[in-house]
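Below are the chains, spelled out letter by letter.
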Amino acid sequence: MAMYKNSSATHGNIPQCNPAAVVNDLRVELDAAIARVLTNGPYILGEEVRLFEEEWATWCGVNDAIGCASGTDGLELILRSLDLKSGARVLAPSHTAVATIAAIMRAGNRPMLADVDSKSYGLDPASVSRCLEQAIDDGDPVQAVIAVHLYGNPVDLDALLALCGQYDVPLIEDCSQAHGAKWRNKRVGGFGVAAAFSLYPTKNLGALGDAGVINCCDSARTTRLRRLRQYGWEQTAISEEPGMNSRLDPLQAAILRVKLKHLDDHNKHRKLVAGIYQEMLANCPEIQLPLVKDEHIEPVYHQFVVQVPAAKRDLVRARLSDLGIGTLIHYPQAAHQMPAYATKSWVGLDPNGLQHTEALLPRIISLPMGPHLKPEQVVHVAEQLLQVIK
């Protein structure tokens, strides 16, 4: 990376993420899209939502997409579409955005929390297997599994699909951080019964507010999901079943249609940023880089999360902050450690404990990541991290 090095360069403040930078770059296109909706309407669902759903489904390589109000709603809608019994156990990783667990609860189910792999941060198939067995032994078997492609890195879908087939439970994908990530050259979001994507402003594809979308390859389930997202309606104002209000806003759909055209380029830039970090930080024994464990994986680096010694983490972050470099700890606690879920009898856990999750939480740091970063800024971040961690 010598071609980027310039120790005397003025880098300015480098935020951990900067969705406003993408908005500024696309401002002319976004203004035109917003004006189109303001002029033409409608202001609920309509043509912009339909076109975004079609364009997104084509980009993902799936049959159908259903716009909704958030990724959390998307997971809840999928769970509702499975018609699980009230209080059914749903397995998910404890190390995830807590929205995953909130969706399980909102759908009337109970979480069973599994461990993650200590290097890739993805759901650990061995832990999933133990949880599935334990639930059967309890006489309360798991009824669905949610695979979270955390930080933009796909989980081991071969192993998880095999386990779900063995135990006859559906696999749901939580792709909220993995827009465009690939497993065996296929984009995630088309492997399970359905997949939910958050389109929160900081995501690889982000709206300018809350938004979400569901991928589905089964036409009957697609029809059901469309009904569930709007009060259970098939005809206006007549509910065929209890539903909810989770409609994608047409203003957001128009914004997402603009940004979707640029998503491949933005993901390509994220990979460039990750490559610089990987090259420059690879030989530091005190920094553990995220590991891509399988040659069939293509991450999209929603975040670039490293591990440092727990005793040094706060000092490292403070020193980087003093240098104008932003970092984040996205998940200071796992779900099973939070007051809402800790020690609750209705929360299931891996019978062997969640050692990997608990060991990595005091160590993780999210470095600056996103299409807003210039290569020389990434080099500067890596150089400064190497200095402050000594």
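Look above for the structure.
Residues numbered from 1 in each chain as written. Predicted model: local features only at pLDDT ≥ 70, side-chain atom pairs only at ≥ 80, totals over all residues. Heavy atoms only, no water.

S.K.: What exactly am I supposed to notice about the overall build of the protein here?
M.R.: A tally of regular secondary structure across the protein gives 13 helices and 15 strands. Relative to the 2.2 N^0.38 estimate, which gives 21 Å for 390 residues, the radius of gyration of the protein is 21 Å and therefore close to what a compact globule would have. Each of the three principal axes of the protein carries a C-alpha extent, and together these read 65 × 60 × 35 Å. The buried share of the protein, taken over its 390 residues, is 54%. Long-range contacts, defined here as pairs at least 24 residues apart, represent 73% of the contacts in the protein between residues at least 6 apart. Here the protein has roughly 16,000 Å² of accessible surface; of this, 50% comes from carbon and sulfur atoms. Averaging the locations of the 37 positively and 43 negatively charged side chains of the protein gives two centres separated by 4 Å. (Helix = DSSP H or I, 4+ residues; strand = E, 2+ residues; numbered from the N terminus. Rg over C-alpha atoms; globule rule 2.2 N^0.38 Å. Buried < 20%, exposed > 50% of the residue type's maximum accessible area, 1.4 Å probe, protein only. Contact = heavy atoms within 4.5 Å. Areas by Shrake-Rupley, 256 points an atom, 1.4 Å probe, with all protein chains shown as cover. Lys, Arg positive; Asp, Glu negative; His and termini not counted. Charge placed at Lys NZ, Arg CZ, Asp CG, Glu CD.)

S.K.: I tried to follow the side chain of Glu-76 on my own but got confused; where do I start?
M.R.: Along the chain, Glu-76 turns up in helix 4 (residues 71-81). Those residues in contact with Glu-76, other than ones at most four positions away along the chain, are Ala-103, Arg-106, Ala-107 and Met-244.

S.K.: What is the right way to look at the pattern of salt bridges in this model?
M.R.: A side chain of one charge can pair with a side chain of the opposite charge if their charged atoms are brought near each other. With the rule as written, the count across this model stands at 23 salt bridges. For Arg-50, the salt bridge identified is with Glu-54, shortest N-O distance 2.5 Å. Here Glu-54 and Arg-50 lie together in helix 3 (residues 47-60), a separation of four residues that amounts to about one turn. Here Arg-80 makes a salt bridge to Glu-76, at a shortest N to O gap of 3.0 Å. Of this pair, Arg-80 and Glu-76 both sit in helix 4, four residues apart, which is roughly one turn of that helix. Look at Arg-80 and you get partly exposed, because its relative accessible area is 29%. Salt bridges here are not isolated pairs; linked through shared partners, they connect Asp-83, Arg-224, Arg-227, Glu-234 and Glu-241. (Salt bridge = Lys/Arg side-chain N within 4 Å of Asp/Glu carboxyl O.)

S.K.: So what exactly am I meant to see when it comes to the state of the cysteines here?
M.R.: Simply put, the disulfide is a covalent bond whose two ends are the sulfur atoms of two cysteines. Tallied over the entire structure, the rule returns zero disulfides. Unpaired in this structure, Cys-68 has its nearest cysteine sulfur neighbour in Cys-216, at a distance of 12 Å. You can see Cys-217 has no disulfide; the closest cysteine sulfur is in Cys-216, sitting 6.7 Å from it. (Disulfide = S-S within 2.5 Å.)

S.K.: In this structure, what is going on with the side chain of Asp-174? I would like to understand it.
M.R.: Relative to the helices and strands, Asp-174 resides in strand 5 (residues 171-174). Despite its burial, Asp-174 remains without a salt bridge, the nearest opposite charge being carried by Lys-203 at 7.4 Å. For Asp-174, the side chain forms a polar contact with the side chain of Thr-100, separated by 2.8 Å. Residue contacts for Asp-174: discarding those within four places in its chain leaves Leu-75, Thr-100, Ile-146, Ala-147, Val-148, His-149 and Ala-196. (Polar contact = N/O pair within 3.5 Å; in protein donor to acceptor, adjacent residues only side chain to side chain.)

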